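Here is what each chain is made of, one letter per residue.
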Amino acid sequence: MSEKSKYLTIAFLESAPVAYTYKLAKCLKNRGYKTILFSFLKSKSDIYDSAYDKIINLNIDSFSVSASNGKSIIKKTPRIISKFYQLLSHNPDIIIGVASPKPLWLPALCCRITHLLSSRTPFIFFPYDVNALRYKEKRFFKKAGIPDLELNSERYLFTHSDGVFFKGDEYKAVKNLFPIKVPVGRMFPYIMDEYIQPFSSYKLSKKDNELHIVYIGFMVLSLEGNNSLGFISGYDVINKFAKNKIHLHIYSGQYEKWASDNEFDKVENKKYIHIHKPINHHDIIKEISKYDFGLCMSQFDYSIINKEFAALGPGNKTANYFEAGIPCLFGPCLFSRDHECTRAELRKYDLDLAFSDKEFSKLKKKLKSYNYSKLLDKVAIARREFTMENNMPSFELFLQDVISKKLNSRTTPQIRLSK
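Small disclaimer: the values here were computed from a predicted structure and weren't measured. (Residues numbered from 1 in each chain as written. Predicted model: local features only at pLDDT ≥ 70, side-chain atom pairs only at ≥ 80, totals over all residues. Heavy atoms only, no water.)

(A) Representation of the pairing of strand E9 (residues 247-251) in the model. Of all the five residues making up E9, five are buried; the element is thus mostly covered by neighbouring parts of the structure. Residue alternation in E9 divides its side chains into two sets, His 247, His 249 and Tyr 251 and Leu 248 and Ile 250, and both sets are buried. Two strands pair when backbone bridges link them, and strand E8 (residues 212-216) and E9 are joined in this way by five bridges, in the parallel orientation. Across the sheet, Ile 216 pairs through a bridge with Tyr 251, a residue of E9. The pairing of E9 with strand E10 (residues 273-276) spans four bridges and is parallel. Note on E10: the bridge partner recorded for Tyr 251 is His 276. For the segment spanning E9, helix H9 (residues 255-260) and E10, crossover handedness is right-handed. (Buried < 20%, exposed > 50% of the residue type's maximum accessible area, 1.4 Å probe, protein only. Helix = DSSP H or I, 4+ residues; strand = E, 2+ residues; numbered from the N terminus. Pairing = 2+ DSSP bridges. Right-handed = clockwise from strand over helix to strand, strands pointing away.)

Below, the structure is given as structure tokens:
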């Protein structure tokens with residue numbers, strides 16, 4: 001490789017920093033790349049600082065699109081453009097626009113500005129979740145508060161970006177909706193070496209000889225508001241765990257709202273349901289290592305949600321549970337391909353542990369029948385292979401492909417692959 005070859009400067013353009021892109025940026029930085037975060041919304045991003053050489057933050061309260069705040073958005077546009085010029089002054093070799101899952105109009109705007117101002121800088125679209133796959137009928141998008149502007153912006157990003165990458169098998173479905181003619185990559189939400197915890201010898205189950213399951217993340221309880229469209233109530237699942245005397249521990253950013261609204265007064269047999277205050281991503285992995293299994297729960301109403309969409313998740317939780325050294329449990333699966341994208345990955349390690357809604361009454365017996373030490377041996381094997389670090393070379397080749405196609409030249413800057 002020529003001595004003139006260089007590591008690239010890669011900018012991540014996000015609404016707010018998320019754990020997935022933190023891991024990706026940190027891996028790139030560890031391999032010698034310069035990384036920049038361009039963040040739109042106000043956020044406590046200090047825990048993500050170590051992944052980026054530079055952070056540019058707009059610190060704006062909201063980018064939701066509605067008639068009531070249309071004027072506010074227009075007023076913010078000059079500031080957005082000014083800050084984006086600041087980003088471009090750092091001469092990024094690649095800009096990755098992240099949707100998580102909205103606002104999509106902002107990365108679409110920045111994609112357009114990038115192409116107007118630079119003929120050499122590729123703009124890569126990372127859709128995170130694909131809105132177009134979410135609902136079975138168009139009327140549900142409006143009911144969920146997803147305006148046409150957002151859907152049109154998503155289409156624009158798929159058809160005008162210089163590269164697209166996914167965190168799962170979305171491309172199989174997306175290619176039938178959008179004419180994608182640029183390089184396509186995939187980076188599963190793998191675990192990250194720095195988060196991996198030693199297998200814990202301290203388990204709550206050793207104290208009381210009962211099963212303790214942990215769930216982290218978003219959960220819909222009351223079916224009220226746009227955000228609950230397409231979900232079934234979490235109370236149904238929670239009460240089934242309690243009824244079958246399996247402890248369920250929940251860590252969610254919704255804790256304060258749930259506490260203020262007394263949401264868990266509706267839960268039966270509260271002895272088995274434990275609600276914990278949220279913990280930042282850097283600390284929660286060690287915290288949850290004391291449980292027996294990590295739960296990936298299906299809450300979708302399939303009269304509204306596309307089954308194809310549901311089959312694509314939830315890789316992030318799987319990575320967190322493996323980092324903590326606990327097996328992942330999928331359920332209650334409401335159809336055979338529930339969570340299929342992630343479960344297909346885990347079948348490689350004989351760790352596709354799933355149960356249907358009909359199996360709830362036998363779940364406790366089923367889980368206790370497993371040879372738990374052998375399960376942990378399989379998790380150990382998965383943790384050695386199922387990492388961001390191991391999969392970075394293929395992602396680097398994707399980046400090189402995007403650059404080569406963009407410049408359409410044999411003299412493109414080469415990505416320096418780590419040994």
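This is not the end of the story, as more comes after the structure.
(B) Spatial organisation of the packing of helix H12 (residues 315-324) against helix H15 (residues 372-385). Packing of H12 against H15 brings their axes to within 9 Å, and their N-to-C directions diverge by 115°. With respect to their mutual orientation, H12 and H15 come out roughly perpendicular. Of the two possible hands of crossing, H12 and H15 adopt the one that is left-handed. Contact with H12, carried on its side by Phe 322, Glu 323 and Ala 324, involves Val 379, Ala 382 and Arg 383 of H15 and no other residues of that element. Taken together, the residues of the contact of H12 with H15 sort by class into four nonpolar, no polar and two charged. (Axes fitted to C-alpha atoms, helices over the stretch in contact; angles between N-to-C directions. Parallel < 35°, antiparallel > 145°, perpendicular 65-115°, else oblique. Left-handed = near helix turned anticlockwise from the far one by under 90°. Contact = heavy atoms within 4.5 Å. Nonpolar A, V, L, I, M, F, W, Y, C, P; charged D, E, K, R; others polar.)

(C) Molecular detail of the pattern of salt bridges. Scanning the entire structure with this criterion turns up 19 salt bridges. Between Lys 26 and Glu 194 there is a salt bridge, with its nearest N and O atoms 2.7 Å apart. With Lys 26 in helix H1 (residues 19-30) and Glu 194 in the loop between strand E7 (184-186) and helix H7 (204-208), the pair connects residues that are 168 residues apart, well separated along the chain. For Glu 194, a relative accessible area of 38% gives the class partly exposed. Here Lys 406 and Asp 162 are joined by a salt bridge, their closest N and O atoms 3.5 Å apart. With a gap of 244 residues between them, Lys 406 in helix H16 (residues 388-407) and Asp 162 in the loop between helix H5 (148-160) and strand E6 (163-166) connect regions that are remote in the sequence. Judged by its relative accessible area of 22%, Lys 406 is partly exposed. (Salt bridge = Lys/Arg side-chain N within 4 Å of Asp/Glu carboxyl O.)

(D) Here's a closer look at the sheet that holds strand E11 (residues 293-296). Spatially, E10-E9-E8-E11-E12-E13 is the arrangement adopted by the six strands of the open sheet, whose pairing is parallel. Each edge of the open sheet carries a strand with a single partner, namely E10 and strand E13 (353-356). Going across the sheet, the axis of each strand differs from the next one's by a mean of 30°, ignoring polarity. On the sheet, helix H8 (residues 234-243) packs against E8, E9, E10, E11, strand E12 (328-333) and E13 and is oriented at approximately 145° with respect to E9.

(E) Structural detail: H1. Here H1 is twelve residues long and its end C-alpha atoms lie 16 Å apart, about the 16 Å a rise of 1.5 Å per residue gives. Burial within H1 is extensive, with nine of its twelve residues counted as buried. Within H1, burial applies to Tyr 20, Thr 21, Tyr 22, Lys 23, Leu 24, Ala 25, Lys 26, Cys 27 and Leu 28. Among the residues trailing H1, Gly 32 stands out with phi positive, at a value near 110°. (Expected span 1.5 Å × (residues − 1).)

(F) Inspection of the packing of H1 against H16 at higher detail. Orientation of H1 relative to H16, taken along the N-to-C sense of each, is 80°, at an axis distance of 10 Å. Taken as axis vectors, H1 and H16 run roughly perpendicular relative to one another. Between H1 and H16, the residues in contact are Tyr 20, Lys 23, Leu 24, Cys 27 and Leu 28 and Met 388, Glu 389, Met 392, Phe 395 and Leu 399, respectively. Looking at the contact of H1 with H16, its residues break down into eight nonpolar, no polar and two charged.

(G) Quick look at a nonpolar patch on the surface. Among the surface-exposed residues, Tyr 85, Leu 116 and Leu 117 lie close enough to one another that they form a single nonpolar patch of about 320 Å² accessible area. Looking at where Leu 116 falls in the secondary structure, it is placed in helix H3 (residues 105-117). (Patch = residues over 30% accessible without salt bridge, like charges linked within 9 Å, V, L, I, M, F, W, Y side chains within 5 Å. Areas by Shrake-Rupley, 256 points an atom, 1.4 Å probe, with all protein chains shown as cover.)

(H) Structural context of the side chain of Ser 233. Its location among the elements puts Ser 233 in the loop between E8 and H8. Polar contacts involving the side chain of Ser 233 include one to the main-chain carbonyl oxygen of Leu 221, which spans 2.8 Å. Setting aside anything within four residues of it in sequence, one finds Ser 233 in contact with Val 220, Leu 221, Leu 223 and Gln 299. (Polar contact = N/O pair within 3.5 Å; in protein donor to acceptor, adjacent residues only side chain to side chain.)

(I) Highlighting the sheet that holds E6. The strand order across the open sheet formed by seven strands is E3-E2-E1-E4-E5-E6-E7, and the pairing between neighbours is parallel. Strand pairing shows two members of the sheet lacking a second neighbour, strand E3 (54-60) and E7, which therefore form its edges. In this sheet, adjacent strand axes meet at a mean angle of 20° when their direction is disregarded. With respect to the sheet, H1 is in contact with strand E1 (9-14), strand E2 (34-41), strand E4 (94-98), strand E5 (123-126) and E6, its orientation differing from that of E1 by roughly 170°. The strands touched by H3 are E1, E2, E4 and E5; relative to E5, the strand with the most contacts, the crossing angle is about 165°.

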